[in-house]
Amino acid sequence: MMTVAVVGAGMAGLTCGRMLQAAGYEVTWFEKSRGVGGRLATRRLASGGWVDHGVRYWVDQGGGLQTLTQELLTQGILHEWSAQGFFWADGLQPKPGMVYCGDRGVNAIAKHLAHGCDIRRQHRVNALAKTANGWQLIADSPDGPMKFQADAVVLAIPAPQVLPLLQPLGAAEGLASVEYAPCLSLMATYETLPEVPLLDHGLGWHISADHSVLSWLSLDSSKYLNRLADPIVLLQSQASFADQYLRRLDTLVPDRVAMEALLNETAAQMLTAAATIVPGLDQPQNHRLHRWRYSVVSQPHGDTLFKTQWSSLVCCGDWCTTDDTTNLEAAHRSGRAAAALIKTAVS
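Visitor: So what exactly am I meant to see when it comes to helix 6 (residues 256-277) here?
Guide: Residues spaced three or four apart along an α-helix face the same direction, because each turn holds 3.6 residues. Here helix 6 spans 32 Å end to end across 22 residues, near enough to the 32 Å set by a 1.5 Å rise per residue. Of all the positions in helix 6, only Met-259, Leu-262, Thr-266, Ala-267, Met-270, Leu-271, Ala-273, Ala-274, Ala-275 and Ile-277 are classed as buried. Sitting at the amino-terminal end of helix 6 is Asp-255, which places a side-chain oxygen 3.3 Å from the backbone nitrogen of Val-257.

Next up, the structure:
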C-alpha cells in the first residue's frame, strides 16, 4: 500500500488526507498542536462555556463545501445560528444572512473530519529529505525526535511554516511572496449584559465592525443550544492592530513581566473599543487573549496548489487560491486538488 504523510490537520490537510484514505492510500497526519482543525478552533472557558476564537462560524458557500455542509447538518454537528446580524460604522445597521454554528463549537467539524484518521498530535515536522524510496520526515514528538518514511508528502500548513521545510530542498521559489494578516481574539465572560437598543441578548447577535481596533464582536454563548454558561463575548481585532501588538511582543521576548503587561494593555484597549459599539463590554468578569499570526491570507499564491519539482511533494492550504474565496472554501478546494495530484503521481 502506498503511504502518504500529510503535515497539518486543518481543513486542507484533513480534506486531502481523507480523499486519499478513501482511495486506498495509507495516510498518516502530523500535527504540531494537541488538537486538530487549525483555525476551526473552539476553547472551553472556566465558566463552562465554549467560544469559537478562530473561524467565527460556518457558511455554506456552495461548490465543494455544499456536500460537507449537508453532511454536518444531517448529523447534528451544525445548526443554524439564528442570531441578529449587524454591521457597525458609527452605528448599528442590520446585516441579514444565513450562517451556521455547532453546539460544541466549530472544532466539532474538525473532529468529525478527523474520525478514523491516524493523526500524530504534538509532532512538529522540522525537516524533509528525499530518499531512494520516497521521502523521510524528521519530527519532534512527545517521545523525542523521530523519523518517518513515506512515498509522498503533502504540506498543508501556512506558507511561512512551509518555507523552512522547502528551502533546504531548493523548492521554495515564489513561496515568500505569500502573506498573511494577523488577528487577536479576546474571549470575555460577563455576569450579565446591560440592555442595549436593537440587541436581543436572548436571541444573540454578531457585529462586523469598521473600527480602528475591532473587526468583529459576537455573543458567542448564544450559539449553543444548552445555554447554561454566563454570557461570553468574542472580540476580534483588525489586522493592523494585531500587527502592532505582535511587533511589540517580539521585541519583549523573553521578558515575561513586560509581555504580560503588554497583553493586559492590549486587552484593555480591545474592551474599551468594544464598549464604544456595545456599552458595558469594558467590564467583564474574566477575559483571555489569543493571537493568530496566520489568520487571513492577504497575498495568496495564485494557484490552487504550490507544486515542487517532485510530483510526490505538494503544498496546499487556504493560501493556495486564485480568487477571493474565504479561507475555508480555499482550503477545502486546495486540499481536494492536492489529493488529485498525489493520486496521479503515486499509484
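Visitor: Please clarify how the sheet that holds strand 16 (residues 214-219) should be interpreted in this entry.
Guide: Neighbouring strands of a sheet are bound in pairs by backbone hydrogen bonds; such pairs are parallel or else antiparallel. Read from one edge to the other, the open sheet built from seven strands follows the order 7-6-15-16-17-14-18, with strand pairing classed as mixed. In the strand order of this sheet, the two ends are held by strand 7 (92-94) and strand 18 (286-299), each with one partner. Across the sheet, the axes of successive neighbouring strands diverge by a mean angle of 20°, strand direction being ignored. In the sheet, strand 14 (residues 179-189) pairs with strand 17 (residues 232-237) via five bridges, with the strands oriented antiparallel. Note that in strand 17 the partner of Thr-189 across the bridge is Ile-232. Lying over the sheet, helix 6 contacts strand 6 (84-88), strand 14, strand 15 (205-209), strand 16, strand 17 and strand 18, oriented at roughly 75° with respect to strand 14.

Visitor: Would you take a moment to explain the side chain of Ser-141 for this structure?
Guide: In this structure, Ser-141 sits in strand 11 (residues 134-141). At 2.6 Å, the side chain of Ser-141 forms a polar contact with the backbone oxygen of Gly-144. Setting aside residues up to four positions removed in sequence, Ser-141 forms contacts with Gln-122, His-123 and Met-146.

Visitor: Is there a simple way to think about the sheet that holds strand 10 (residues 124-131) in this case?
Guide: An order of 10-11-12 is seen for the three strands of this open sheet, with the pairing classed as antiparallel. In this open sheet, the two strands that pair with only one neighbour each are strand 10 and strand 12 (144-150). Along the sheet, successive strands turn relative to each other by an average axial angle of 20°, direction set aside.

Visitor: Would you explain the side chain of Asp-318 in this entry?
Guide: Among the secondary structure elements, Asp-318 is positioned in the loop between strand 20 (313-315) and helix 7 (327-345). Here Asp-318 occupies a buried position and makes no salt bridge, while the nearest side chain of opposite charge, Arg-39, is found at 5.8 Å. One polar contact links Asp-318 to Asn-327, side chain to side chain, over a distance of 3.1 Å. With near-sequence residues (within four places) excluded, Asp-318 lies in contact with Tyr-180, Val-297, Asn-327, Ala-330 and Ala-331.

Visitor: Whenever I open this one, the packing of aromatic side chains confuses me. Can you help?
Guide: Any two aromatic rings considered together are summarised by their centre-to-centre distance and by the angle between their planes. All told, the structure shown has five aromatic pairs when counted by the stated rule. With 5.7 Å between their ring centres and 50° between their planes, Tyr-57 and Trp-216 make a pair best called tilted. Remark: Trp-216 occurs in strand 16 and Tyr-57 occurs in the loop between strand 4 (50-52) and helix 2 (64-74); sequence separation between them is 159 residues. For the pair Phe-306 and Trp-319, a centre-to-centre distance of 6.1 Å together with 50° between the ring planes defines the contact as tilted. Here Trp-319 lies in the loop between strand 20 and helix 7 and Phe-306 lies in strand 19 (residues 306-307), a separation of 13 residues in the sequence.

Visitor: Looking at this structure, I do not really get the packing of helix 1 (residues 11-22) against helix 7. What am I missing?
Guide: Following both chains from N to C, one finds helix 1 and helix 7 inclined at 35°, their axes separated by 7 Å at the closest point. Here helix 1 runs over helix 7; the crossing is right-handed. Residues Met-11, Ala-12, Thr-15, Cys-16, Met-19 and Leu-20 of helix 1 lie in contact with helix 7, whose contacting residues are Leu-328, Ala-331, His-332, Gly-335, Arg-336, Ala-338, Ala-339, Ile-342 and Lys-343. Each residue belonging to the contact of helix 1 with helix 7 can be placed in one class, and the counts come to 10 nonpolar, three polar and two charged.

Visitor: Honestly, the nonpolar core in this entry has me stumped. Any pointers?
Guide: Across soluble globular proteins, nonpolar side chains have a tendency to be buried as a group. Among the nonpolar cores identified, the biggest contains 41 residues, and Val-4, Trp-58 and Val-154 are the most heavily contacted of them. Secondary-structure elements contributing two or more residues to this core are strand 1 (3-7), helix 1, strand 2 (26-31), helix 2, helix 3 (107-114), strand 13 (152-155) and helix 7. Excluding its chain neighbours within four sequence positions, the residues that come into contact with Val-154 are Val-4, Ala-5, Val-6, Val-7, Cys-16, Val-314, Cys-316, Ala-338 and Ile-342. Within the second largest apolar cluster, 35 residues are counted, among which are Leu-92, Trp-205, Val-233 and Leu-246.

Visitor: Please explain the state of the cysteines as it appears in this structure.
Guide: Here a disulfide denotes a covalent bond joining the sulfur atom of one cysteine to the sulfur atom of another. Summed over the entire model, instances satisfying the criterion amount to zero disulfides. Cys-117 carries a free sulfur, and the closest cysteine sulfur to it, the one in Cys-16, is 11 Å from it. Residue Cys-320 stays outside any disulfide, its sulfur separated by 6.7 Å from that of Cys-316, the closest cysteine.

How each quantity is defined
Residues numbered from 1 in each chain as written. Predicted model: local features only at pLDDT ≥ 70, side-chain atom pairs only at ≥ 80, totals over all residues. Heavy atoms only, no water. Helix = DSSP H or I, 4+ residues; strand = E, 2+ residues; numbered from the N terminus. Expected span 1.5 Å × (residues − 1). Buried < 20%, exposed > 50% of the residue type's maximum accessible area, 1.4 Å probe, protein only. Polar contact = N/O pair within 3.5 Å; in protein donor to acceptor, adjacent residues only side chain to side chain. Pairing = 2+ DSSP bridges. Axes fitted to C-alpha atoms, helices over the stretch in contact; angles between N-to-C directions. Contact = heavy atoms within 4.5 Å. Lys, Arg positive; Asp, Glu negative; His and termini not counted. Salt bridge = Lys/Arg side-chain N within 4 Å of Asp/Glu carboxyl O. Phe/Tyr/Trp six-rings, centres within 6.5 Å; stacked < 30°, edge-to-face > 60°. Left-handed = near helix turned anticlockwise from the far one by under 90°. Nonpolar A, V, L, I, M, F, W, Y, C, P; charged D, E, K, R; others polar. Core = buried A, V, L, I, M, F, W, Y, C linked by side-chain atoms within 4.5 Å. Disulfide = S-S within 2.5 Å.

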